[in-house]
Amino acid sequence: MILGIETSCDETAAAIVVRDQFGHSTIRSNVVRSQLDEHAAFGGVVPELAARAHVTFLDHIIAQACREADIALADVDAIAATAGPGLIGGVLVGLTTAKALAAALDKPLLAINHLEAHALTARMTNGVAFPYLMLLVSGGHSQFVLVRGVGDYQRWGTTIDDALGEAFDKIAKLLTLGHPGGPAVEAIAKLGDPKRFKFPRPLLREARLDFSFSGLKTAVRLQAEALAPLSDKDVADIAASFQAAVSEVVSVRAGQALARFKAELPDASPQLVVAGGVAANRAIAAALADVCEKAGATLIVPPIALCTDNGAMVAWAGAERFALGVSDPLDVTARPRWPLDLADMKVPLQ
Ligand code: KG4
Ligand code: ZN
């Protein structure tokens, strides 16, 4: 039974998760406090405000997670916290809290890579077996990762500029739709014509599995400026045309990544796991479902509350590592950057 703590961005979260000897999970509690209200006036996440809000609320969120799980803190077997990558002030709050609890309760500490937590979530929710391909699309990341085992990752592609969620957020800001932008753009796009504007599909003609969204963002801005003042129909058509462009980019890339998966792992059944807040987007999910069907691959989308940042995914990643005999020293450091495929993710003697 593991306590998981997540504070790397604008969610203060704690959860109690049990992993049994067969690898089955039970989420005993999963408490998430979003800081949307704190940051709303600024149109994005303000790192210093985020860190302070984590300090204010984390203790209460942990207490609530224990209450809802009907356990005492001393009942947990280990304490896991996100140690990076993320906004460093927030990461420090969560990791330092975890260290203090581990020291006071004499429990092992697990310093979790946030990306690993996203990567392993589908094993908690759907019992997915290794290997699989993960597409992580959130406010901070857009990447394809081959997940071969716990601690065993190979990044196949990433974004060379904006993350996909970030692109949604910036388009929403441009169209004055509010923050976070993803849900707002999706809602207004439903009313628009996705064919009115033919926005660029960046990098799509190149074989590499990387993304780039800044050129697309500029094209959208130039179009909006050319039409200004924008009517409601203009806004809806721009949102719909933008969403059509990114859906095409993401699904074509996913098809290419699945082709590589099949070529490099001919004996494995192809599986695509989606993680991150953008997984909530129905147009993108539908495009991915289509591409998986054509490729004969299984698409796994965990429940959206577990695709976005939460403590249960951190607890689960901790449980998977703990089950393999891993724990971390109390002087482990918080890291603003921490790519998944560094050698130090590896689990010894797996
Ligand atoms: O995973 P997440 O909750 O937080 C991190 O970034 O780690 O993802 C949040 C991102 C935001 O950029 C938000 O605009 C985007 O996911 N998002 C969406 C949708 N819902 C959330 N993007 C597109 N369509 C959505 N329905
Ligand atoms: Zn995340």
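Described below are features of the structure shown in this document. (Residues numbered from 1 in each chain as written. Chains lettered and ligands numbered in written order. Predicted model: local features only at pLDDT ≥ 70, side-chain atom pairs only at ≥ 80, totals over all residues. Heavy atoms only, no water.)

Taken in spatial order, the five strands make up an open sheet running E3-E2-E1-E4-E5, and their pairing is mixed. Looking at which strands have only one partner, the edges of the open sheet turn out to be strand E3 (25–34) and strand E5 (109–113). Across this sheet, the average inter-strand angle for adjacent strands is 20°, counted without regard to direction. Of the pairings in the sheet, the one linking strand E1 (residues 2–6) to strand E2 (residues 11–19) comprises five bridges and is antiparallel in character. If you follow Ile2 over to E2, its bridge partner there is Val17. Relative to the sheet, helix H3 (residues 88–105) contacts E1, strand E4 (78–84) and E5, its axis offset from that of E4 by approximately 155°. Strands in contact with helix H4 (residues 114–126) are E1, E2, E3, E4 and E5; relative to E5, the strand with the most contacts, it is inclined by about 95°. (Pairing = 2+ DSSP bridges. Helix = DSSP H or I, 4+ residues; strand = E, 2+ residues; numbered from the N terminus. Axes fitted to C-alpha atoms, helices over the stretch in contact; angles between N-to-C directions. Contact = heavy atoms within 4.5 Å.)

The next point concerns the coordination of the zinc ion (ligand 2). In a perfect tetrahedron of four donors around a metal, the angles come out at 109.5 degrees. In a perfect octahedron of six, they are 90 or 180 degrees. Ligation of the zinc ion (ligand 2) by protein atoms is provided by His114 (NE2), His118 (NE2) and Asp309 (OD), these donors lying 2.1 Å from the ion. Along the chain, the residues donating to the zinc ion (ligand 2) fall in the pattern H-x3-H-x190-D. Taken together, the positions of His114 and His118, both in helix H4 and four residues apart, correspond to about one turn of that helix. According to the relative accessible area criterion, His114 is buried, its value standing at 5%. The class for His118 is buried, based on a relative accessible area of 3%. (Donors = N, O, S within 2.8 Å, 3.2 Å for Na, K, Ca; no water. Buried < 20%, exposed > 50% of the residue type's maximum accessible area, 1.4 Å probe, protein only.)

In the structure shown here, the tally under the stated rule is 19 salt bridges. Salt-bridge contacts for Glu48 lead to Arg52; the nearest nitrogen and oxygen are separated by 3.3 Å. In this pair, Glu48 and Arg52 both sit in helix H2 (residues 47–69), four residues apart, roughly one turn of the helix. Measuring nitrogen to oxygen at the nearest pair gives 2.9 Å for the salt bridge that ties Asp234 to Arg196. With Asp234 in helix H8 (residues 232–264) and Arg196 in the loop between helix H6 (181–189) and helix H7 (214–227), this pair connects stretches of sequence that are 38 residues apart. Judged by its relative accessible area of 11%, Asp234 is buried. Each of Asp162, Glu166, Lys170 and Lys217 takes part in one network of salt bridges that share partners. (Salt bridge = Lys/Arg side-chain N within 4 Å of Asp/Glu carboxyl O.)

A few words now on the site of ligand 1. Surveying the vicinity of ligand 1 reveals 18 residues, the closest of which are Gly139, Asp169, Gly182, Glu186 and Gly277. Contact between ligand 1 and Gly165: an oxygen atom at 3.1 Å from a main-chain N or O atom of the residue. At a separation of 2.6 Å, an oxygen atom of ligand 1 approaches a polar side-chain atom of Asp169. For ligand 1, whose unbound accessible area comes to 550 Å², protein coverage reaches 88%. For the shell around ligand 1, the secondary-structure elements that each account for two or more residues are helix H5 (164–174) and H6. (Near = heavy atom within 4 Å. Polar contact = N/O pair within 3.5 Å; in protein donor to acceptor, adjacent residues only side chain to side chain. Areas by Shrake-Rupley, 256 points an atom, 1.4 Å probe, with all protein chains shown as cover.)

Moving on: the sheet that holds strand E10 (residues 298–300). Strand order in the open sheet formed by five strands is E8-E7-E6-E9-E10, and the pairing between neighbours is mixed. In this open sheet, the two edge strands, each paired with only one partner strand, are strand E8 (152–157) and E10. Going across the sheet, the axis of each strand differs from the next one's by a mean of 25°, ignoring polarity. Bridge count between strand E6 (residues 132–137) and strand E9 (residues 271–275): four bridges; the pairing is parallel. Along E9, the bridge assignment pairs Met134 with Val273. In the packing of H8 onto the sheet, the strands contacted are E6, strand E7 (142–149), E8 and E9, and the crossing angle to E8 comes to about 130°.

The buried fraction of E6 amounts to six of the six residues, a majority that puts the element mostly inside the structure. Both faces of E6 are covered, namely the face carrying Tyr132, Met134 and Leu136 and the face carrying Leu133, Leu135 and Val137. The sheet contact formed by E6 and E7 spans six bridges and is antiparallel. Bridge pairing in E7 links Leu133 to Leu146. Turn length for the E6-E7 hairpin, with the two strands adjacent in sequence and antiparallel, is four residues.

This part covers the state of the cysteines. For the structure shown, the criterion picks out zero disulfides. Summary of cysteine pairing: Cys307 is not part of a disulfide, and the nearest cysteine sulfur, belonging to Cys292, is at 14 Å. (Disulfide = S-S within 2.5 Å.)

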